[in-house]
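Given next are the chains, with one letter for each unit.
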Amino acid sequence: MSAAVQSLTGKPDIDQAALDLVRDRLAGLGRQYTPVDVASAMRDEGLIVSDSAVLDTVESLRRNSVGAGPLESLLHEPGVTDVLVNGPEQVFVDRGSGLELTDLRFPCEGDVRRLAQRLAASVGRRLDDAVPFVDARLADGSRVHAVLGTLASPGTCISLRVPAQRSFSLDDCVASGSLTLGGAQLLSRMIEARLAFLISGGTGSGKTTLLAALLALVPPHERIVIVEDSRELAPNHPHVVRIEGRPANTELAGAISLTDLVRQSLRMRPDRLVVGEVRGAEICDLLTAMNTGHEGGCGTVHANSTADVPARLEALASLGGLPRPALHAQLASALDAVIHVIRDRSGMRRVAEVSILLRDPESGLVRSECAVDFRSDGRTVLGPGRRQLERMLEK
């Protein structure tokens, strides 16, 4: 038999080979099994039967047959944002302070592959050698990305992003040190003034969390329409409508893109149009909407700094066939500001900068100019764009 697998509680689970034999016997019942059935199956396999052994076996069967299997307990730990599996020997968890290697191990590569395939199948997605990767949202709201070991080393990789268990307010951001009190007041004024903005930053930097906190400040009589590729935004607001994209099915049909959804959202009478993450040609329709009377629009975008945002949007707009000069012309009148968030080496997420977007009169190209720089030592440094930002806020 194979070696025992270390459980999350630190106790050895039933030997994996024996667990498979017990599972096979229970499968032959043709009905939902009970603890009595588990004890009988264990006895038939020559295993030691005690109250604790039966309870441990029932728990092992449950973890490996529902939800995320052996990862389920990690996903339900308070504060966990990500669970990452790198083959059978490495399982990492992020509790908000960076990645930590856990004691959890899978018996073999086949177990990781089967879990990835079961997660994909639970939402009607295919994952096999013909389609060796998948990106989907599970029924509980968690996002799953998996790449089979045929492409990845050290084996099948699974990435699970855990949805926030509660909505964070701007006060929570201040309390956690992610934002200064003055910064919170500035961002609140931006919402009140209906400025159009993007939140930029890297993966896991807290863009979605900050955006949800800001949307909670939108007056309750306003209608927020959120367009997302996969549902993540959950603002604490009484009038929110969410529409979500859909990937192609196993026959490669039925896909609904964010571009389609942005166009549909304009017919839904939004007071604030929000794109959860701008990642493709939908930027063209979003900028068009912001230039046709839809004030206060916002979203997030992956970028290393506010200075990189115009170039990033250029690349995305090219996917929609929008030429560079046209993109910058749209951008100059559609977007007012960019809020940049970072995650430092200690794992701390914080707002680092607020910049405005200015169009060069000679080249016609848009560039970002720092208005407020929030330093890591707690200092706030005003940039050359601060006066222009104040004028925007006072309109």
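Residues numbered from 1 in each chain as written. Predicted model: local features only at pLDDT ≥ 70, side-chain atom pairs only at ≥ 80, totals over all residues. Heavy atoms only, no water.

1. Some thoughts on helix α7 (residues 181-192)
And then number 1: Over its 12 residues, α7 runs 17 Å from end to end, which matches the ideal 16 Å to within 8%, given 1.5 Å per residue.
And then number 2: For α7, the set of buried residues is G183, A184, L186, L187, M190 and I191. The buried residues of α7 all sit within an arc of 160° when viewed along its axis, so they share a single face. Those residues of α7 that are exposed and angled more than 90 degrees off the buried face are L181 and E192. (Helix = DSSP H or I, 4+ residues; strand = E, 2+ residues; numbered from the N terminus. Expected span 1.5 Å × (residues − 1). Buried < 20%, exposed > 50% of the residue type's maximum accessible area, 1.4 Å probe, protein only. Arc of directions from axis to C-beta.)

2. Observations concerning the sheet that holds strand β5 (residues 143-147)
And then number 1: The six strands are arranged β3-β2-β1-β6-β5-β4 in an open sheet whose pairing can be described as antiparallel. The open sheet terminates on both sides in strands that have one partner only, identified here as β3 (99-101) and β4 (133-137). Direction aside, the axes of adjacent strands within the sheet are offset by 15° on average.
And then number 2: One ladder, built from five bridges, connects strand β1 (residues 82-86) with strand β6 (residues 157-161); its direction is antiparallel. Note that in β6 the partner of V85 across the bridge is I158.
And then number 3: Against the sheet, helix α5 (residues 109-122) makes contact with β1, β4, β5 and β6, and its axis sits at roughly 45° relative to β6, the strand it touches most. (Pairing = 2+ DSSP bridges. Axes fitted to C-alpha atoms, helices over the stretch in contact; angles between N-to-C directions. Contact = heavy atoms within 4.5 Å.)

3. Some words on the sheet that holds strand β11 (residues 298-302)
Remark on secondary structure: sheet strands pair via backbone hydrogen bonds, oriented parallel or antiparallel.
And then number 1: The strand order β9-β8-β10-β11-β7-β12-β13-β14-β15 describes an open sheet built from nine strands, whose pairing is mixed. One side of each edge strand has no neighbouring strand; the edge strands of this open sheet are β9 (240-244) and β15 (380-382). Neighbour-to-neighbour, the strand axes of this sheet turn through a mean angle of 25°, independent of strand direction.
And then number 2: With four bridges joining them, strand β7 (residues 197-201) and strand β12 (residues 337-343) adopt parallel strand pairing. Following the sheet pairing, S200 is matched in β12 by H340.

4. Some points on the pairing of strand β10 (residues 272-275)
And then number 1: Residues R272 and V274 line one face of β10 and the alternating positions L273 and V275 line the opposite face, and both faces are buried.
And then number 2: Relative to β10, strand β8 (residues 224-228) is paired through four bridges, and the arrangement is parallel. Pairing of I224 across the sheet is with R272, part of β10.
And then number 3: Summarising the sheet, β10 and β11 pair through two bridges and their orientation is parallel. Looking at β11, one finds that V274 is bridged to C298.
And then number 4: Tracing the backbone out of β10, into helix α10 (residues 282-290) and back to the parallel element β11 gives a crossover that is right-handed. (Right-handed = clockwise from strand over helix to strand, strands pointing away.)

5. Focus: α5
Note that an α-helix has 3.6 residues per turn; residues three or four places apart therefore point the same way.
And then number 1: Between its terminal C-alpha atoms α5 stretches 20 Å, which fits the 20 Å expected from 14 residues at 1.5 Å a residue.
And then number 2: All buried positions along α5 are accounted for by D111, V112, L115, A116, L119 and A120.
And then number 3: Positive backbone phi, at 75°, marks G124, one or two positions downstream of α5.

6. Details of the side chain of D82
And then number 1: Looking at the secondary structure, you find D82 in strand β1.
And then number 2: For D82, a relative accessible area of 12% gives the class buried.
And then number 3: Engagement of the side chain of D82 in a polar contact is seen with the side chain of R161, the distance being 2.6 Å. (Polar contact = N/O pair within 3.5 Å; in protein donor to acceptor, adjacent residues only side chain to side chain.)

7. Here we look at the confidence of the model for the protein chain
And then number 1: Summarising the model, the protein chain shows a mean pLDDT of 87, and 91% of its residues fall at 70 or more.
And then number 2: Note that residues 1-12 has pLDDT below 50 and, in this model, 26 contacts with residues that lie over four places away or in other chains. (pLDDT = per-residue confidence, 0-100.)

8. Details of empty space enclosed by the protein
And then number 1: Scanning the entire structure with this criterion turns up one cavity of 30 Å³ or more.
And then number 2: In this structure, the largest cavity occupies an estimated 70 Å³ of space.
And then number 3: Considering the residues around the largest cavity, the lining is formed by R143, T208, E228, D229, S230, E232, G276, E277 and R279.
And then number 4: Looking at the lining of the largest cavity residue by residue, the class counts come to no nonpolar, three polar and six charged. (1 Å grid on protein atoms, 1.4 Å probe; cavity = no way out; pocket = protein on both sides within 12 Å on 5 of 7 lines; lining within 4 Å. Points joined across faces, edges and corners; volume = space filled by probe spheres on them. Nonpolar A, V, L, I, M, F, W, Y, C, P; charged D, E, K, R; others polar.)

9. Comments concerning the nonpolar core
And then number 1: With 36 residues, the main nonpolar core has M190, F197, L210, L214, L215 and I339 as its most contacted residues.
And then number 2: Here this core gets six residues from one element, more than from any other, and that element is helix α8 (residues 207-215).
And then number 3: Once residues within four sequence positions are removed from consideration, F197 is found in contact with M190, I191, L211, L214, G297, C298, G299, L335, A337 and I339.
And then number 4: Counting residues in each nonpolar core, the second largest holds 30 residues, with L273, L286, L327 and V338 among its members. (Core = buried A, V, L, I, M, F, W, Y, C linked by side-chain atoms within 4.5 Å.)

10. Observations concerning unusual backbone geometry
And then number 1: Following S153, the chain continues into P154 via a peptide bond in cis, with omega recorded as 20°.
And then number 2: Note on placement: P154 falls in the loop between β5 and β6.
And then number 3: Residue R194 is not a glycine yet carries a positive backbone phi of 60°.
And then number 4: Summarising the element assignment, R194 is placed in the loop between α7 and β7.
And then number 5: The backbone of R269 shows a phi angle near 55°, a positive value even though the residue is not glycine.
And then number 6: Within the secondary structure layout, R269 lies in the loop between α9 (258-265) and β10.
And then number 7: A relative accessible area of 55% places R269 in the exposed class.

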